[in-house]
Every structure is written in structure tokens, then in C-alpha cells.
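If you want the building blocks of each chain, they are given just below.
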Amino acid sequence: MTIASIILAAGQGTRMRSKLPKVLHPVAGKPMVWHAIRAVSQLADLPPVIVVGFGAEAVKQSLKAERVDFALQAEQLGTGHAVASARPNLEGKANLVLVTYADMPLLRGESLKDLMALHQQSSSPVTMTSYFGEEARGFGRVVRDSHGHVAQIVEQADATPEQLAIREYNVSAYCFDADWLWGALENIPISAKGEYYLTDLIGLAVAEGHQVNSMVLEDPLEAIGLNNRVHLAAADKVMRQRINEKWMLAGVTIINPDATYIEAGVTIGQDTVIQPNTHLRGTTMIGEDCEIGPDTTVIDSVVGDRAHLIASMIEQAEISNDVTMGPFCHLRKGAILKEGVHLGNFAEVKDSSLGAGTKMGHFSYIGNAVIGKNVNIGAGTITCNYDGEKKNPTEIGDDVFLGSDTMLVAPVKIGDRSITGAGAVVTRDVPQDTLVMGVPAKEKRKLEKSD
Ligand code: UD1
Ligand code: CA
């Protein structure tokens, strides 16, 4: 038996009032359609077919790393019409078709497994999903007959006052027998709004004499559908709570989960402590036994074990084991800190590597530089890397001592074990074991190896 899946993502989402297609709005750092793909991928045998329409190119572009197929729904004529657009992709290839909507990022793969299991026990060609709750959020109502059997789904806009009072809602996750689905889609009547509603297939199956079952969600939060930005914030909060709980159960201490923002693509090692107001974003990987925060943002970066990062901003950087940093440091793209590096306050590093044990305590900017091991970068040291046209490199050897307020006018090199005096403006290369001072810096003397 082959299970296929279709995810509807062609609508504009006018209620979002956005230039961005609705399904690309991020929840916990990933587009909502990404979450929908994760859920169906847990049980579908074929790559999910994403039905795109509004902003099709942007949606495809954002999913280029995913294993998915696309179907184009050129005109958005309703959810039933959208599913029919995927028919050429799947007809003859699958026995069962799962259908979900891209605007329900909180729906779990486990719930879809329950839906599938219920479908396989039933003789009906369709099985649906519903939940009971107080807040209607514009959802379709599940109308049941006097025996309690599902009779039809009525959209909120078409519902009578009695139907509006129903507290069982259509989630919009369905399992269909493929052969039945393709035929039935042709029988959907056009609605008053001029659309073909997928939800009408429930009433059609009942009219054919089938008893349609509904898998009732235990956790109604899974059903939060996102139609506007109020729903978006609500879903983001739930997703963050789930992510935080996952990491806490995996051995990470989160001091205040309500003030911790960990995106879906992040990993964290055991016994790391996350202090409040910390944002871990993108593809960030944090090692074990670290202390991150308070007030720290790490984006698309790798952090080793036992790092302490306080009140700092770290973007596209690599931090090895036992690094300490902050408060108020800024690592930008291409910053590499080797083992045991210490940055104090107001340190900025960009496109540079700092060797093991190097220390940079106060007020420094290092850009386009390669710095060796155990270098002391005195307070106020700056690489003058930009000449108004291009960025120039600086190279510093091992065990160098840069006095306070050294200006390194790039391109420039300083050899191993050399020393610059306070306020030196280094405009020419300095050989190893040499003391330089002044403006511009001049050689004072050769240093004994034991100095
Ligand atoms: C839909 C359901 C409703 C259910 C609710 C749950 C229908 C008719 N109604 O209503 O019963 O309670 O979801 O969230 O199905 N889309 C397309 N092509 C289209 C129209 C929509 O791909 O022509 C996509 C949208 O991108 C979206 C999804 O289908 O991802 C649902 O569309 P939306 O307009 O949000 O439907 P709801 O009004 O929420
Ligand atoms: Ca919706």
C-alpha cells in the first residue's frame, strides 16, 4: 500500500494583510508550510505534493532544500479545486492520500498516524479530523445526525445560527482512498462564493451511504489554523513551548521558558543552561555544559562545549570549547574563536580567526585578520582593515602582545612573540621577537627569547 500526501498552499491568505504568501510566514523560524511538510513526511511514502498558486515561485524557492513535488493551481477556486490540481502528480501512484493545509503548522505527525489508523479500520473512502473547543476561529462546523454520525461539514459563512453554535470543528486533515477521491472531486458543487470546497466531500460520502469517521484531536492547540497575525503569534508561542519542552526533556536547563526563543532548526547539548532573553536561531548548534545568556542572540552559528556567552550577538560564527564572552560582544560573519578564547566587553570580530587562548578584554575591533595563539589584544586595539576601497588583511603570530590602543593599519603582519607599545600605529610589517613603539611604530629593540 502506498501513502501519498497533498499540502494545500496556494491561497494568498488575504487576512494576513501581507506581501508575503501566508504559508511563508515563519513559525519558530521556519515557514509554516515547512512544519506541515515535517508532519506528513512521518508517514507518507511519496514526497508530499505542495499545491502552490499565489506567490508560487517564492514558495518553491523557499522549499528548494526539501524533498517535495509541486502542483500549480493557477486560479484559487477553493480547496477542492486545489486538491484536484495535484491529481496528475499522484493518480495511479498511491492507494491512500492524506490531505492537510499548509496553514496548520501545529498539527503533529502522530495525529496524522491516528487518522490513518482510524481510516484503515473503516470502510468509508474518507476519514476526517475534528476537535471540540470554545473558540471557532472561522472553522467549518461538523454537523452530526441524530445517531451522532458525521453528516456534513458546513463552512462558517454558510452556517445557520444553530450550526454556528456547534462546538465541533473541522481541522482539515483528511485521509482518502485515492480512487474514490479523484472521481468525487468532479462532483463537488460550486459554492455561493464561487469556490469548490473540499469539505463537501464529507457530505457526498455520507450521501453515498458511507459512515464517515472523525479522529478527534485530544489537544485542540494542534488545530490552530493561521488566518491572521493574531493566530500567527498564538501558534508561534505554542511552537516555542513545544521546542523548549523538547530541549528540557533532553537535559537542557531553561531558566525562564517564557523568555527563551529557540527556533526549530537549532540543536543544544546536555547540561547547557539557557538564561532568559536568549534567542537561538537558524541552524545554530550549541554544545554541552554551556551557559548562554542572559540577553544573547546566536544566529546560524556553531558553539562548542563549556562556552559562556553573556549579553552578546553572534552571527554566522564558529566558537570552540571553553570560550568566554561578554557582555556586549558582536561576532559577525566568519568570526572563528578557537579553544579558550576570552572576549571581554565591547569586542567585535568579523571574518577573522583568533587562536587558542587569545584574549581580547576591552573595546576592540578585529576584521579580516588571522591571529595566533595566546595573543594579548590590549584594550582599544583596532584593525584598520578598510582603506576606503577594499578590505585588507592583518596577520598576527603566536604569543604576540599588542599594547593598549594599537592601530594595525592593514595590510600588515606581526611576527611571533613581538610586542607593540601602547598607542602604536603599526603601518609596516613587524618581524618576530621585536618591540615596536610610536606613531608610526618603529623598532625599539630585538627581544631575547626569554623576555
Ligand atoms: C478551511 C476549511 C474549514 C476548516 C479550516 C481549518 C474549506 C472549504 N474549509 O477553511 O472547514 O475548518 O480550513 O483551518 O476547506 N487553498 C488553496 N487553494 C485555494 C484555496 C485555499 O491552496 O483555492 C489553501 C490555502 O493556502 C490554505 C488552505 O488551503 O493553506 C485553507 O484555505 P483557507 O482559505 O485558509 O480556508 P479556511 O477558511 O481556513
Ligand atoms: Ca485557514
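Quick caveat: nothing in here was measured; it's all calculated off a predicted structure.

Peer 1: Break down helix H5 (residues 109-121) for me, with residues and values.
Peer 2: Between its first and last C-alpha atoms H5 spans 19 Å; for 13 residues at 1.5 Å apiece the expected length is 18 Å, and the two agree. Of all the residues in H5, the buried ones are Gly 109, Ser 111, Leu 112, Leu 115, Met 116 and His 119. Around the axis of H5, the buried residues are gathered within 155 degrees of arc, so they sit on the same side. On the buried face of H5, the contacting elements are strand E1 (3-9), helix H1 (32-41), strand E6 (96-101), strand E7 (126-132), strand E11 (173-177) and strand E12 (213-216).

Peer 1: Quick rundown of the packing of aromatic side chains? Include the residues and the values.
Peer 2: For the structure on display, the rule yields seven aromatic pairs. With a centroid separation of 6.5 Å and 15 degrees between ring planes, the pair formed by Phe 176 and Trp 180 is classed as stacked. On the accessibility criterion, Trp 180 (16% relative accessible area) is buried. With a centroid separation of 5.4 Å and 25 degrees between ring planes, the pair formed by Phe 328 and Phe 346 is classed as stacked. Here Phe 328 is found in the loop between strand E25 (324-325) and strand E26 (330-331), whereas its partner Phe 346 is found in strand E28 (residues 342-350), with 18 residues between them in sequence.

Peer 1: Hey, could you go over the sheet that holds strand E21 (residues 302-303) for me, with residue numbers and the actual values?
Peer 2: Strands sit in the order E15-E18-E21-E24-E27-E29-E31-E34-E37 across an open sheet of nine strands; the sheet is parallel. Because the sheet does not close on itself, it has two edges, and the strands there are strand E15 (267-268) and strand E37 (412-414). Pairing between strand E31 (residues 369-371) and strand E34 (residues 394-396): three bridges, direction parallel. Bridging across to E34, Val 370 finds its partner in Glu 395.

Peer 1: Lay out the coordination of the calcium ion (ligand 2) in plain terms, naming residues and giving numbers.
Peer 2: Donor atoms from the polypeptide that coordinate the calcium ion (ligand 2) comprise Asp 103 (OD) and Asn 227 (OD1), at 2.3 to 2.5 Å from the metal. With Asp 103 in the loop between E6 and H5 and Asn 227 in the loop between E12 and helix H9 (229-249), this residue pair connects regions lying 124 residues apart in the sequence. Taken individually, Asp 103 and Asn 227 each receive the classification buried, so the pair is uniform in this respect.

Peer 1: So what's going on with the pairing of E7? Residues and values would help.
Peer 2: Most of E7 sits out of view: six of its seven residues are buried. With two bridges connecting them, E7 and E11 associate as antiparallel partners. Bridge pairing links Thr 127 to Cys 175 in E11.

Peer 1: Account for the site of ligand 1, with residues named and values stated.
Peer 2: Taken together, 24 residues surround ligand 1, and among them Gly 11, Gln 73, Tyr 101, Glu 155 and Asn 170 come closest. Residue Tyr 101 places a side-chain N or O atom 2.7 Å away from an oxygen atom belonging to ligand 1. A distance of 3.1 Å is found between an oxygen atom of ligand 1 and a side-chain nitrogen or oxygen belonging to Asp 103. Starting from 760 Å² of accessible surface for ligand 1 in isolation, the protein chains cover 90%. Among the residues making up the shell around ligand 1, the classes are represented as 10 nonpolar, 10 polar and four charged.

Peer 1: Account for the nonpolar core, with residues named and values stated.
Peer 2: As a rule of thumb, soluble globular proteins bury nonpolar side chains together. Among the nonpolar cores identified, the biggest contains 127 residues, and Ile 6, Val 99, Met 325, Leu 331, Leu 343 and Leu 354 are the most heavily contacted of them. Once residues lying within four places of it in the same chain are set aside, the contact partners of Leu 354 are Ile 336, Leu 337, Lys 338, Val 341, Leu 343, Val 349, Met 360, Ile 366, Ile 371, Gly 372 and Ile 377.

Peer 1: Please give an account of the side chain of Asn 392 that cites residues and values.
Peer 2: Note that Asn 392 resides in the loop between strand E33 (382-384) and E34. Leave out the neighbours within four places in its chain, and Asn 392 touches Asn 368, Asn 385, Asp 387, Ala 410 and Pro 411.

Peer 1: Any details on the domain arrangement of the protein chain? Residues and values, ideally.
Peer 2: You can read the domains of the protein chain as domain 1 (3-223) and domain 2 (229-446). Computed over C-alpha atoms, the centres of domain 1 and domain 2 are 47 Å apart. Taken together, the contacts link 18 residues of domain 1 with 12 residues of domain 2. When the buried surface of domain 1 facing domain 2 is broken down by residue, Met 16, Ala 28 and Leu 106 rank first, second and third, together holding 39% of it. The interface formed by domain 1 and domain 2 includes six residue pairs in polar contact (both at pLDDT 80 or more). Of the residues forming the side of domain 1 that touches domain 2, the biggest block, three residues, is contributed by H1. Residues belonging to the side of domain 1 that touches domain 2 are distributed by class as follows: nine nonpolar, four polar and five charged.

Peer 1: Please give an account of unusual backbone geometry that cites residues and values.
Peer 2: With an omega of 5 degrees, the peptide bond between Gly 293 and Pro 294 qualifies as cis. Put simply, Ala 410 and Pro 411 share a cis peptide bond, and its omega is 5 degrees. Mapped onto the secondary structure, Pro 411 falls in the loop between strand E36 (407-409) and E37.

Thresholds, definitions, all that
Residues numbered from 1 in each chain as written. Chains lettered and ligands numbered in written order. Predicted model: local features only at pLDDT ≥ 70, side-chain atom pairs only at ≥ 80, totals over all residues. Heavy atoms only, no water. Helix = DSSP H or I, 4+ residues; strand = E, 2+ residues; numbered from the N terminus. Expected span 1.5 Å × (residues − 1). Buried < 20%, exposed > 50% of the residue type's maximum accessible area, 1.4 Å probe, protein only. Arc of directions from axis to C-beta. Contact = heavy atoms within 4.5 Å. Phe/Tyr/Trp six-rings, centres within 6.5 Å; stacked < 30°, edge-to-face > 60°. Pairing = 2+ DSSP bridges. Donors = N, O, S within 2.8 Å, 3.2 Å for Na, K, Ca; no water. Near = heavy atom within 4 Å. Polar contact = N/O pair within 3.5 Å; in protein donor to acceptor, adjacent residues only side chain to side chain. Areas by Shrake-Rupley, 256 points an atom, 1.4 Å probe, with all protein chains shown as cover. Nonpolar A, V, L, I, M, F, W, Y, C, P; charged D, E, K, R; others polar. Core = buried A, V, L, I, M, F, W, Y, C linked by side-chain atoms within 4.5 Å. Domains from an automatic or database assignment. Buried area = accessible area lost by both parts, 1.4 Å probe.

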